[in-house]
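Below, each chain spelled out in residue letters.
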Amino acid sequence: MTPDKFRAQIAALTAQLAGRPIDAELDAWLNREHGATSTTYAALKASCEAGVAEGWLCNREGGGIKYGRIFKPAEDLQGFSVDVVDMTDIAGPHHVHPNGEIDLHMPLGGEATFDGRPAGWVVMPPGSAHRPTVSEGRALVLYLLPQGAIEFTK
């Protein structure tokens, strides 16, 4: 796996997201069409695991969380930025999603949850906020942020 191949995977997915509202309907659609039992999920999880192992994903660390923005917002990604975090039984920093947030939660061994949800997609609408929390184990979480917008709170 390479960052270029990973970008192509993400671009194929974000092409399907273009123009869709970031809401509960998108959450349901993603989990139905690209959920935890799908080939899309398996391919993205394998790519993220390879990227972490090869050192080009989650190559920073702070507060017990490994993280990294792999792609800034770009036209080929439909304006989304792409971040991946590696978390084990921890709550991350509180933040607001001015334009929404689309997350792919990928447990690594076991049944880790992300904000209380099992493996799969979690969509947070514009203006929502949370402390991203992984419980019951370790997980990778891929974040798609429209225009890369995120506001960390104190």
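You'll find the structure just up there.
Criteria and cut-off values
- Residues numbered from 1 in each chain as written.
- Predicted model: local features only at pLDDT ≥ 70, side-chain atom pairs only at ≥ 80, totals over all residues.
- Heavy atoms only, no water.
- Core = buried A, V, L, I, M, F, W, Y, C linked by side-chain atoms within 4.5 Å.
- Buried < 20%, exposed > 50% of the residue type's maximum accessible area, 1.4 Å probe, protein only.
- Helix = DSSP H or I, 4+ residues; strand = E, 2+ residues; numbered from the N terminus.
- Contact = heavy atoms within 4.5 Å.
- Salt bridge = Lys/Arg side-chain N within 4 Å of Asp/Glu carboxyl O.

Q: I tried to follow the nonpolar core on my own but got confused; where do I start?
A: Here is a general trend for soluble globular proteins: nonpolar side chains tend to be buried in one another's company. Core analysis: the biggest nonpolar cluster contains 30 residues, and F6, L17, L30, I102, L142 and L144 have the highest contact counts within it. When residues of this core are traced back to their parent elements, those giving at least two are α1 (3-17), α2 (24-34), α3 (39-54), β3 (80-91), β5 (101-107), β7 (120-124) and β9 (133-146). If you tally residues by element for this core, the top one is α1, at 5 residues. Discounting residues that sit within four places of it in the chain, F6 has contacts with M1, L44, S47, C48, W56, L57, I70, F71, V82, V84 and L142. If you look at the next biggest cluster of nonpolar residues, it comprises 12 residues, including I65, F114, V134 and A139.

Q: What should I look at first to understand the pattern of salt bridges in this one?
A: Side chains bearing opposite charge may pair, as long as their charged atoms lie close to each other. Applying the stated criterion across every chain, the model contains 5 salt bridges. Between R138 and D86 there is a salt bridge, with its nearest N and O atoms 2.7 Å apart. With R138 in strand β9 and D86 in strand β3, this pair connects stretches of sequence that are 52 residues apart. Under the relative-accessibility criterion, R138 is labelled partly exposed at 34%.

Q: It is not clear to me how unusual backbone geometry should be interpreted in this structure. Could you clarify?
A: With the exception of glycine, most residues fall at negative phi, and the peptide bonds are largely trans. Here D115, not a glycine, exhibits a phi torsion of approximately 50 degrees, which is positive. Within the secondary structure, D115 is located in the loop between β6 (113-114) and β7. What makes D115 partly exposed here is its relative accessible area of 29%. A positive phi angle is found at Q147, which is not glycine, with a value near 55 degrees. Here Q147 is to be found in the loop between β9 and β10 (151-152).

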